[in-house]
Each structure stands twice: as structure tokens, then as C-alpha cells.
Amino acid sequence: MNFSDKIYIAGHNGMVGSAIKRKLQNLGYTNFIDVSSKELDLRNQQKVDDFFKRHLPDYVFLAAAKVGGIFANNNFKGDFIYDNLMIQNNIINSAHHYKVKKLLFLGSSCIYPKYANQPINESELLDGKLEPTNEPYAIAKIAGIKMCQSYRDQFGANFICVMPTNLYGPNDNYDHKSSHVLPALIRKFHEAKISNSSRAEVWGSGNPKREFLHVDDLAAACVFLMKKYNEKEIVNIGTGLDISIKELALLIKSTVGFNGEIYFDKEKPDGTPRKLLDVSKLNNLGWKHKINLAEGVESVYEDYKEKYSLQE
Ligand code: GDP
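Residues numbered from 1 in each chain as written. Predicted model: local features only at pLDDT ≥ 70, side-chain atom pairs only at ≥ 80, totals over all residues. Heavy atoms only, no water.

1. Some thoughts on the overall build of the protein chain
Stage number 1. A count of helical and extended segments in the protein chain gives 10 helices and 12 strands.
Stage number 2. For 312 residues, the compact-globule estimate of 2.2 N^0.38 gives 20 Å, and the C-alpha radius of gyration of the protein chain, at 19 Å, lies within 12% of that figure.
Stage number 3. Seen through its C-alpha atoms, the protein chain measures out along the principal axes to roughly 60 × 40 × 40 Å.
Stage number 4. Counting over 312 residues, the protein chain shows a buried share of 54%.
Stage number 5. Taking contacts inside the protein chain between residues at least 6 apart in sequence as the whole, the part at least 24 apart equals 82%.
Stage number 6. Per element, the accessible surface of the protein chain, about 14100 Å² overall, is 47% carbon and sulfur.
Stage number 7. If the 40 positive side-chain charges of the protein chain are averaged to one point and the 37 negative ones to another, these points end up 2 Å apart. (Helix = DSSP H or I, 4+ residues; strand = E, 2+ residues; numbered from the N terminus. Rg over C-alpha atoms; globule rule 2.2 N^0.38 Å. Buried < 20%, exposed > 50% of the residue type's maximum accessible area, 1.4 Å probe, protein only. Contact = heavy atoms within 4.5 Å. Areas by Shrake-Rupley, 256 points an atom, 1.4 Å probe, with all protein chains shown as cover. Lys, Arg positive; Asp, Glu negative; His and termini not counted. Charge placed at Lys NZ, Arg CZ, Asp CG, Glu CD.)

And the structure:
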């Protein structure tokens, strides 16, 4: 990738896309094609085709997606499958049609079977039933992987696929219903502290385990793989470390400085019991994460207070 190559980051305003753009800018890349979802509806095939025809990008990072936490995935299944299939079909096909040099497709760790062997190796894909709460999203992402791999097999397209673990970082979604657990708990504990509540609610039993990666680390890994990796097989991106939701809640409680009690609402779903990625392939290629969870949570809490919290 040369510094003047034309780069299109689909989803450049989102948490992942904006982190990839920051990383590339820091490295000296300058030639970005930016278009917001208001200007270009990526679900519209004709519009996406016209966009590629006009701009002819050299490199594409496909970070545009409909994403959300366990509640959103479970309650808006139609949106999750339709939006994601349309976005990725249109971009991957246009990237092939207009001869993009390389495309990186971002999937998710939820593509793996609910009861996959831990840590989850890339070879576990399609080896068992999916977690029902996010099955439509996972099916869309699996279709994206298969599309990239099929275009490589049939047309020789250099499209690569990466599977990030649970992410957090600047520009995250803090909405009570659609957010993921880490930003959700930052907001809940912060609001409980500000309003002097005696307790804050955490969904589920607290027992499920999750792995968390700072989005700046993810962006670094994506750029690393865009430069270095040219194979068909998917690559996991994570830290290789996980903690229980209860441990996460205690970490966030202490970072935020909330002194009340934590109440676990067992009526809410736990989702998959564990999804720790096997990151040995990525580590062997020469990349490892840098930001540890305690330090990452502290920095996002500062970001949250600055951007989203009007009180205190
Ligand atoms: P998942 O990794 O796809 O299950 O997505 P989430 O990040 O939404 O949820 C991870 C785990 O955290 C699940 O077991 C949730 O039940 C649990 N959790 C606890 N409190 C919350 C909360 O306030 N919001 C969300 N989204 N999840 C929560």
C-alpha cells in the first residue's frame, strides 16, 4: 500500500472505521474517499456501483455494518440480516468489478459455534450451531466470508477476512438498549454514581466470559494484515485473554468510582457462555495487542465523560 493510494474505508464514521482512518493518517496515508451513510446508502446496489465507478479505490476496508449488543441483535433480527447482507454484497461485488487491489472484510467472533472449543481456532467456523441471540448477524457475516473466499477462488480477488473479538473504544455506542456490555456498564455505573443510586443493574448471571480488544489495537492489526496477509483463510484478532462479566463489572465499577451494589438481572439473556479467540495465527504473523483492559477502560471512561456525559 503506497501513501498516495486511494483508500475507501466503508463506515469511516463508526468506531471501527474511524480508528482505522486515525491509524492510517498517523502512518502518513492521505488519499481517502470519505462518504457518509447519509450521502450513500450502502444497501443500494446501483448507488454503490456508481460510487465505485466514479472513485475507483485501490484499497477497501469494509467496516460498515449494522452492529449492536445482545438486546439489539435479539430484537431486530430482520434489520441485522438484511442490512449486513446488502452492504457487504454491494461492496464486495463492486470491489471486484472495479478491480480494487485488495479488500479487508471485518467479521466478528460470533460467527463461531456457540459451543466451540476454547480458545476458538479459525478452523471452528461452521463446525456447529450458532448462538441464537445473534444468529442472523452471524449468518450475514459468514456469507461475507464465503463471498470473499469465493471471489478469490473464482476470480483471483485478493480479499481477506478478519474476525475481531468484542471491541470497545472512542466513538462507541452508549445507548442503553443497543450498546455492547462494556460501554453499557460505563454509562450505567456513571449514571448510578451521579444520581447517588444504591445499585446498578447488570444483565444476566455475570458468569459468561468475554474477551475485549481496544479498537486502536484492532485498527493497527487491520493495517498490519492489509499490508502483509494475502491468504484465503480467515484471521482472528483479539488479545487471547478473557474475563467474566462479573469481573468486568467490578473493574468498571472501580474505574468509575461507583460505591453502590451490583444487581444481576437473571431474566436477561447471557448469550454464549464463552468466546475466547485463539490468536496464535495473528501472533505468529508478527502482531500482538498493546492496550491492556484496565488502561483501555480508563481511557474510554475519560472519553465518555468528555463527549457524552453532560453532568458532573
Ligand atoms: P455478546 O458478546 O454478543 O453477547 O454481546 P454483549 O456485549 O451485548 O453482551 C455480552 C454479555 O454481557 C452478555 O452476557 C450480556 O447479558 C452481558 N451484559 C450485562 N450487562 C449488560 C448490559 O447492560 N448491556 C449489554 N449489552 N450486555 C450486558
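2. Thoughts on the site of the ligand
Stage number 1. In the vicinity of the ligand lie 18 residues, with I70, K188, R210, P269 and D270 positioned nearest.
Stage number 2. I70 places a polar main-chain atom, nitrogen or oxygen, 2.8 Å from an oxygen atom of the ligand.
Stage number 3. At 2.9 Å from an oxygen atom of the ligand is found a main-chain nitrogen or oxygen belonging to V181.
Stage number 4. Against a free-state accessible area of 530 Å², the protein chains account for coverage of 97% of the ligand.
Stage number 5. The element contributing the most residues to the shell around the ligand is helix 6 (residues 181-194), with four residues.
Stage number 6. A class-by-class count of the residues in the shell around the ligand yields nine nonpolar, five polar and four charged. (Near = heavy atom within 4 Å. Polar contact = N/O pair within 3.5 Å; in protein donor to acceptor, adjacent residues only side chain to side chain. Nonpolar A, V, L, I, M, F, W, Y, C, P; charged D, E, K, R; others polar.)

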